[in-house]
Amino acid sequence: MSTYFKQIQEILESNDFRDRLEKVNDNFPNLKQEHLIRDVILTMYNQKYSLDYRAFSEHPRKWKLSSGEEKKGRVDLALYKYKDIENLYKIEIKFFFTKDIKNGRKSSIEKNYVKKECDLLIIIVQEFLDVKAKEEYDKRWDIDTDLLQYQIKDDSKKKQKTAGSDDKFEILEKQFKKVEDYVEGAHVGQHHNKIQIEVQLPYKTCYTFCFLERKK
């Protein structure tokens, strides 16, 4: 576990982050919140560690892979240490709903962790715990994005697993495990314990943060 990951972990486990996450959900309930949450993490990181460290979004635009090839694109979040700019810590953040876990979404891990060689892949899974309250809220405000279509539905024969249970995330963790066992040194990773955060506004919602970090 790197120093950078410990810093991110400390931010995500703070009450301040939970409060800010709730404000994101309360003000942007009709949107996928990937970039909004990233910006909260970035802001808190720079406030907390600005003496020796700095975070930047959509940066760098090019970097070198372990093969020596130059990769062009954008990194979701990059962390730098003062006087150690060359060894930046690259983070890719992806946003899932529960159906995305069920359907696998293997391409996200392949594209963002293996091919882009990020140092940390964060997959954020949003689950609406009070479905009725969300339906009523969306109807009241005429919201037609229908994010509930991306959530696994309850039925009498097969009840949806409780939020954050090992069963619910088993497919995702198996994909992480395959990368952990990948023998080619540049891609070997380890997944860390999930972090779960529940918010109440504008309706009860759970965010689960899943991590795959590159071993160095």
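Predicted, not measured: the structure shown is a model, and the values here were computed from it.

Quick notes on the pattern of salt bridges
Within this structure, the stated rule accounts for 14 salt bridges. The shortest N-O distance in the salt bridge between Glu34 and Lys94 comes to 3.8 Å. Of this pair, Glu34 sits in helix α3 (residues 34-49) while Lys94 sits in strand β5 (residues 89-97), and the two are 60 residues apart along the sequence. Residue Glu34 is classed as buried on the basis of its relative accessible area of 15%. For Lys94, a relative accessible area of 17% translates into the label buried. Notably, a salt bridge pairs Lys134 with Asp138, separated by 3.1 Å at the nearest N-O pair. Taken together, the residues Lys134 and Asp138, both in helix α6 (residues 131-140) and 4 residues apart, mark about one turn of the helix. Per residue, the accessibility class of Lys134 equals that of Asp138, and both read buried. One network of salt bridges, with partners in common, ties together Glu34, Asp76, Glu92, Lys94 and Lys116.

What about the pairing of β5?
Here β5 lies mainly inside the structure; 9 of its 9 residues are buried. Neither face of β5 is open: one carries Tyr89, Ile91, Ile93, Phe95 and Phe97, the other Lys90, Glu92, Lys94 and Phe96, and all of them are buried. As judged from the 3 bridges shared by strand β4 (residues 77-81) and β5, these two strands associate in the antiparallel manner. Its bridge partner lying in β5, Leu77 is registered against Ile91. Across 7 bridges, β5 lies against strand β6 (residues 120-128) in parallel orientation. Across the sheet, the residue bridging to Phe96 is Val125, located in β6.

Focus: the packing of helix α1 (residues 3-12) against α3
Relative orientation of the contacting elements α1 and α3 amounts to 110°, with a least axis distance of 10 Å. Regarding the angle of α1 to α3, the classification is roughly perpendicular. Between α1 and α3, the contacting residues are Tyr4, Gln7, Ile8, Glu10, Ile11 and Leu12 on the first element and Ile41, Met44, Tyr45, Lys48 and Tyr49 on the second. Considering only residue class, the contact of α1 with α3 consists of 8 nonpolar, 1 polar and 2 charged.

Description of the environment of Glu69
Checked against the element boundaries, Glu69 lands in the loop between β2 (62-64) and β3 (70-72). What Glu69 contacts, discounting residues up to four positions off in sequence, is Trp63 and Lys64.

Some remarks on the packing of helix α2 (residues 15-27) against α3
For any two helices packed against each other, the geometry comes down to the angle between their axes and how far apart the axes lie. Relative to each other, α2 and α3 sit at 150°, their axes nearing to 10 Å. Taken together, the axis directions place α2 and α3 in an arrangement best described as roughly antiparallel. When you trace α2 past α3, the crossing you get is right-handed. Contact residues: Asp16, Phe17, Arg20, Leu21 and Val24 in α2; Leu36, Ile37, Val40, Ile41, Thr43, Met44 and Gln47 in α3. The residue makeup of the contact of α2 with α3, split by class, is 8 nonpolar, 2 polar and 2 charged.

What counts, and at which threshold
Residues numbered from 1 in each chain as written. Predicted model: local features only at pLDDT ≥ 70, side-chain atom pairs only at ≥ 80, totals over all residues. Heavy atoms only, no water. Salt bridge = Lys/Arg side-chain N within 4 Å of Asp/Glu carboxyl O. Helix = DSSP H or I, 4+ residues; strand = E, 2+ residues; numbered from the N terminus. Buried < 20%, exposed > 50% of the residue type's maximum accessible area, 1.4 Å probe, protein only. Pairing = 2+ DSSP bridges. Axes fitted to C-alpha atoms, helices over the stretch in contact; angles between N-to-C directions. Parallel < 35°, antiparallel > 145°, perpendicular 65-115°, else oblique. Contact = heavy atoms within 4.5 Å. Nonpolar A, V, L, I, M, F, W, Y, C, P; charged D, E, K, R; others polar. Left-handed = near helix turned anticlockwise from the far one by under 90°.

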